[in-house]
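Fold and contact review
Here's the letter readout for the chains.
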Amino acid sequence: PQKIRVIGGGLAGPEAALTAARLGCEVDLYEMRREVAGKPVLTPAHQTIDFGELVCSNSLKSESPNTAPWLLKQEMRRAGSSLLALADATAVPAGHALAVDRVEFSQRIAEAIAAEPRIRVIREEVTSLEPIADTLTIVATGPLTSDALSAEIGRLTGSEHLAFYDSISPIVDAETIDRDRVYFAARWDKGTADYINCPMNREEYDAFLAALLAAEPAETKDWEKTEYFEGCLPIEVLARRGPDTLRFGPMKPVGLRDPRTGKNPWAVVQLRQENLRADSYNLVGFQNHLKYGEQARVLRMIPGLENAKFLRYGQIHRNTYICSPRLLDNRLRLQIRPDLFFAGQISGVEGYTESIASGLLTGLYAAAIAHGMDPAPVPRATALGSLTHYITHADAAHFQPANITFDLLPQLEEEIRRKVRDKKERHRMVCERALSAFAEWQAVLPVHAAV
Ligand code: FAD
């Protein structure tokens, strides 16, 4: 079989390496965090040189049956995920969630890798993705991929297809929007009127602008001080450019006639439906880097949002990821370079478990291909398939990393949805369908024969 090179010793990388080795492949696992002259070389988010370091919380999300994170973990367990088994073995009490002892978890991953004779660990930064003869490569370098490798990925994929920041707009609870003050409309009446528009007159706009300019920014970590992309500037940065910049940008009122007055307002804040249930809306183009308390105060000055409950506040943070919908095929390979797989956060999945999940998938696919087989992609009806479908089919122009949720899974047929009114029961049915599709896929997956 071909050899496999895995770049990145975070979550996706070790999972991919252990999976491919288990399936009979020789693996070189590269990790740039290391000790040099007794001092650790780290990334701006990592505090250790350990494999599988959980950089923030220690939770791998819900274990409540028939939730989407539970379904994903069930599929991973059935596919023999090494890291999930180690997470189970190092779990700490956390109610309905799977949380782990992070030190113990990393330790066990290191032991598993050391015990696997087919894995060779190389503590070195990889900076080139030039093809290597008889070798498949899995890039799993995470949200803080090193600068040199980011440049190399940009060169290969076109730098416009590589993002360095995630800019997150605030989200409000739909029930807390004052419907008497807002109106539904599409700009120039094009398409369906899905947007909720919050109109401002001149006085309201001036007051909002003044409050925004005076609001206190969130603290910036050293590694977040880099320049913003012109295309997704925070609203407070736009506001500082001039009194009308927002009115010509995300608060542009043209083509949004208010049916109650027959006129265009002075400025408009648009709210876009966030999920299929329509129980939450995001403020379009309102990414910002203000303190949460300040966001609540300033954003409640928007007409219709006076009593809004914010489900998420705006944020901007470093996150390197490729535009997978334009670049990857259904087995997570670069379309123009089928010897290159992408896994983990850099492939556009979000979260610890999702990163491990895509490490598992690329490990399985790469091992099968290394043995000369043609593995079937995991079915769309499964959680793993839905994550894959999202990162390979989402709207490329607005692509943002996503966690697993029921919104990514295919809905039940209309007839069933009409009959089964209970949401929990519908979720149970979606999970049941997913697990049976998963079992069918596993039965035909050729890799097991290779071991
Ligand atoms: P990583 O775990 O980051 O692993 C990538 C590895 O590649 C790193 O060890 C890095 O050193 C190495 N590397 C990078 N470049 C090179 C190179 N050129 N050569 C060799 N090695 C290289 N998700 C959650 O579910 N919960 C959270 O609480 C959470 N908090 C987060 C907090 C921060 C600050 C960040 C940045 C992300 C957070 N995430 C969280 C998101 C995500 O789940 C984690 O980033 C997760 O670690 C991603 O797994 P990964 O394997 O893709 O990347």
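First things first, this report covers the structure right here in the doc.

Section: the overall build of the protein
A count of helices and strands for the protein gives 13 helices and 19 strands. Relative to the globule expectation of 22 Å for 451 residues, the C-alpha radius of gyration of the protein, 24 Å, shows essentially globular dimensions. Here the C-alpha coordinates of the protein stretch approximately 70 × 60 × 45 Å along the principal axes. For the protein, long-range pairs separated by at least 24 residues make up 69% of all intrachain contacts whose partners lie at least 6 apart in sequence. Accessible surface for the protein amounts to roughly 20200 Å². Of this, 52% is attributable to carbon and sulfur atoms.

Comments concerning the sheet that holds strand β11 (residues 171–173)
Strand order in the open sheet made by the six strands is β12-β13-β14-β15-β11-β16, with antiparallel pairing throughout. The sheet is open, and its two edges are formed by β12 (183–184) and β16 (310–312), each paired on a single side. For β11 and β16, the ladder comprises two bridges, and the chain directions are antiparallel. Its bridge partner lying in β16, Val172 is registered against Phe310.

Describing the nonpolar core
In a soluble, globular protein the nonpolar side chains are often hidden away together inside. The biggest cluster of nonpolar side chains holds 92 residues, and the ones touching the most others in it are Ile4, Phe105 and Ile153. Counting residues per element, this core draws most heavily on helix α10 (residues 352–370), at 11 residues. If sequence neighbours within four positions are ignored, Ile153 has contacts with Leu129, Val139, Thr145, Gly158, Leu162, Ile322, Phe342 and Ile346. Listed in part, the 35 residues of the second largest apolar core include Tyr205, Phe208, Met251 and Ile302.

A word on the pattern of salt bridges
The final tally for this structure, using the stated rule, is 21 salt bridges. Among the salt bridges present, the one from Glu425 reaches Arg428, with a minimum N-O distance of 2.9 Å. Here Arg428 and Glu425 lie together in helix α13 (residues 423–444), a separation of three residues that amounts to about one turn.

Describing the site of the ligand
Of all residues adjacent to the ligand, which total 29 residues, the nearest are Ala12, Glu31, Gln345, Gly351 and Tyr352. At 3.0 Å, a backbone N or O of Leu11 approaches an oxygen atom of the ligand. Protein chains shield 90% of the accessible area of the ligand, which is 970 Å² for the free molecule. In terms of residue class, the shell around the ligand is made up of 11 nonpolar, 14 polar and four charged.

A closer look at empty space enclosed by the protein
This model, assessed by the stated rule, comprises one cavity of 30 Å³ or more. Each pocket or cavity is described by its volume, and for the largest cavity that value is around 50 Å³. Looking at the largest cavity, the residues that line it are Leu332, Val349, Ala357, Ser358, Leu361, Leu384, Leu387, Thr388 and Ile391. When contributions to the lining of the largest cavity are tallied by element, the ones reaching two or more residues are α10 and α11 (383–393). Examining the composition of the lining of the largest cavity, we find that four residues originate from one element, α11, more than from any other. Partitioning the lining of the largest cavity into residue classes produces seven nonpolar, two polar and no charged.

Some words on helix α8 (residues 292–299)
Side chains of residues three or four places apart in an α-helix project in the same direction, reflecting 3.6 residues per turn. Those residues of α8 that sit buried are Glu294, Gln295, Ala296, Val298 and Leu299. Packing partners of the buried residues in α8 comprise α6 (202–214), β15 (280–283) and β16.

Points about the packing of helix α1 (residues 12–22) against α10
Closest axis-to-axis distance for the α1/α10 pair is 7 Å, and the angle between their directions is 30°. One element, α1, and the other, α10, form an angle in the roughly parallel class. Like other packed secondary-structure pairs, α1 and α10 cross with a definite hand, here right-handed. On α10, the residues that touch Ala12, Glu15, Ala16, Thr19, Ala20 and Arg22 of α1 are Ser355, Ile356, Gly359, Leu360, Thr362, Gly363, Leu364 and Ala367. Among the residues making up the contact of α1 with α10, the classes are represented as seven nonpolar, five polar and two charged.

Procedures and definitions
Residues numbered from 1 in each chain as written. Predicted model: local features only at pLDDT ≥ 70, side-chain atom pairs only at ≥ 80, totals over all residues. Heavy atoms only, no water. Helix = DSSP H or I, 4+ residues; strand = E, 2+ residues; numbered from the N terminus. Rg over C-alpha atoms; globule rule 2.2 N^0.38 Å. Contact = heavy atoms within 4.5 Å. Areas by Shrake-Rupley, 256 points an atom, 1.4 Å probe, with all protein chains shown as cover. Pairing = 2+ DSSP bridges. Core = buried A, V, L, I, M, F, W, Y, C linked by side-chain atoms within 4.5 Å. Buried < 20%, exposed > 50% of the residue type's maximum accessible area, 1.4 Å probe, protein only. Salt bridge = Lys/Arg side-chain N within 4 Å of Asp/Glu carboxyl O. Near = heavy atom within 4 Å. Polar contact = N/O pair within 3.5 Å; in protein donor to acceptor, adjacent residues only side chain to side chain. Nonpolar A, V, L, I, M, F, W, Y, C, P; charged D, E, K, R; others polar. 1 Å grid on protein atoms, 1.4 Å probe; cavity = no way out; pocket = protein on both sides within 12 Å on 5 of 7 lines; lining within 4 Å. Points joined across faces, edges and corners; volume = space filled by probe spheres on them. Axes fitted to C-alpha atoms, helices over the stretch in contact; angles between N-to-C directions. Parallel < 35°, antiparallel > 145°, perpendicular 65-115°, else oblique. Left-handed = near helix turned anticlockwise from the far one by under 90°.

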